[in-house]
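Listed below are the residues making up each chain.
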Amino acid sequence: MHEKVLNLLETGKVDIFLGYKMMAGHPLPHAFGRHNPVEVQEMILGPARYPLEKLAVEILAARPDLKIGILARDCNRRALNVLTVHQQVAPGQVQVLEVSCCPSPLQRHADCSSLEAKEFGAGKKEIGIDNNLTPDRLEAMEPTERFSRWMYEFQKCLKCYGCRDICPVCFCRECSLEHEDLIGTGDLPPEVPIFHLVRAVHMAGRCIDCGLCEDACPVDIPLRLLYRKVNELVADLFDYKTGLSLEQPPFSLLFDKTAQPAAAPHGA
Ligand code: SF4
Ligand code: SF4
């Protein structure tokens, strides 16, 4: 891996490479450059997961002249596909070095160690939702019980925006979750369930099932399960699987299968 990164840098295929480095005892995202080849040896593989492609898009917004490489798990690659078809980055502007570790149904590989089954306490088992459920198993619940359990989960929300901020495919400059006509301000918890439903609707055809939102949520709301259900509906109703290729058009709730993928970066 180190040799490949050095090769990309030294041959000028990329100007910087986004990977991970231990800093202050934590594996954190880091930009490696050809000016410091020794430092490339400090790049680590491991369980750390950040939306490196989102960082690449942010860097490119300020420095569109750069060529960027990223260490990419399956989820990074799917997110990069979504960002590309939504014109946040031009095709080929970000190069990937692949790492295989994905447990998602959207996977091409299946040996992830990052998202293992979670353990819960009695309270969550009694009145909340087990984050390990599949949408099918959740739907097998009686509707009023399912509703009550979701409301319990949503009412824990601190409106910290961590789920949005970590999400690799949340790229809108103006966010509906901060629009005062949709979301009330100044109160906690946020209006339930509107805050979560607004986000769920916006994840339709965009969420690539990376689970970062759920990992970031300080109160353990099963967000990934919620968006999985949304995207099952998208797949069933529109025959659209998110992030699987650069050739698919961006999904829209007014979906038109004849729409073409976009070419220019940073359009929205
Ligand atoms: S799982 Fe969460 S963080 Fe990942 S793409 Fe979907 S909404 Fe965004
Ligand atoms: S990360 Fe969790 S607590 Fe924070 S806004 Fe999202 S759902 Fe609410």
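Residues numbered from 1 in each chain as written. Chains lettered and ligands numbered in written order. Predicted model: local features only at pLDDT ≥ 70, side-chain atom pairs only at ≥ 80, totals over all residues.

Peer 1: What is the right way to read helix 9 (residues 194-203) from this model?
Peer 2: Because an α-helix completes one turn every 3.6 residues, residues spaced three or four positions apart along the sequence face the same direction. Every buried residue of helix 9 is accounted for by His196, Arg199, His202 and Met203. Seen along its axis, helix 9 keeps its buried residues to an arc of 125°; they face one direction. Buried-residue contacts for helix 9 involve helix 7 (143-154), helix 8 (162-166) and helix 11 (223-238). Within two residues after helix 9, Gly205 carries a phi angle of roughly 75°, on the positive side. (Buried ≥ 20, exposed ≤ 12 C-beta atoms within 10 Å, placed from the backbone. Helix = DSSP H or I, 4+ residues; strand = E, 2+ residues; numbered from the N terminus. Arc of directions from axis to C-beta. Contact = placed C-beta atoms within 7 Å.)

Peer 1: I would appreciate a short explanation of the site of ligand 1 in the present structure.
Peer 2: Taken together, 15 residues lie around ligand 1, and Cys167, Cys207, Cys210, Leu212 and Cys213 are the ones closest in. Sorting the residues of the shell around ligand 1 by element identifies helix 10 (212-216) and helix 11 as the ones contributing at least two each. Each residue belonging to the shell around ligand 1 can be placed in one class, and the counts come to 12 nonpolar, 1 polar and 2 charged. (Near = placed C-beta within 6 Å. Nonpolar A, V, L, I, M, F, W, Y, C, P; charged D, E, K, R; others polar.)

Peer 1: Looking at this structure, how should I read the sheet that holds strand 1 (residues 16-23)?
Peer 2: Strands belonging to one sheet form pairs held by backbone hydrogen bonds; the direction of such a pair is parallel or antiparallel. Spatial ordering of the open sheet is given by 2-1-3-4, a layout of 4 strands whose pairing is mixed. In the strand order of this sheet, the two ends are held by strand 2 (26-33) and strand 4 (94-98), each with one partner. Each strand of the sheet is rotated relative to its neighbour by a mean of 40°, with strand direction disregarded. Sheet analysis places strand 3 (residues 68-72) next to strand 4, joined by 5 bridges and oriented parallel. By the bridge assignment for strand 4, Leu71 is matched with Leu97. (Pairing = 2+ DSSP bridges. Axes fitted to C-alpha atoms, helices over the stretch in contact; angles between N-to-C directions.)

Peer 1: Please clarify how the environment of Ser245 should be interpreted in this entry.
Peer 2: When you line up the elements, Ser245 lands in the segment after helix 11. Taking the C-alpha atoms as reference, Ser245 lies 9.3 Å from Arg77; in sequence the two are 168 residues apart.

Peer 1: Any chance you could explain the pairing of strand 1 here in plain terms?
Peer 2: Pairing of strand 1 with strand 2 involves 8 bridges; the strand directions are antiparallel. By the bridge assignment for strand 2, Met23 is matched with His26. A loop of 2 residues connects strand 1 with strand 2, the two strands running antiparallel in sequence, and Ala24 in this loop sits at a positive phi of about 50°. Across 3 bridges, the pairing between strand 1 and strand 3 is parallel. Of the residues in strand 3, the one forming a bridge with Leu18 is Ile70.

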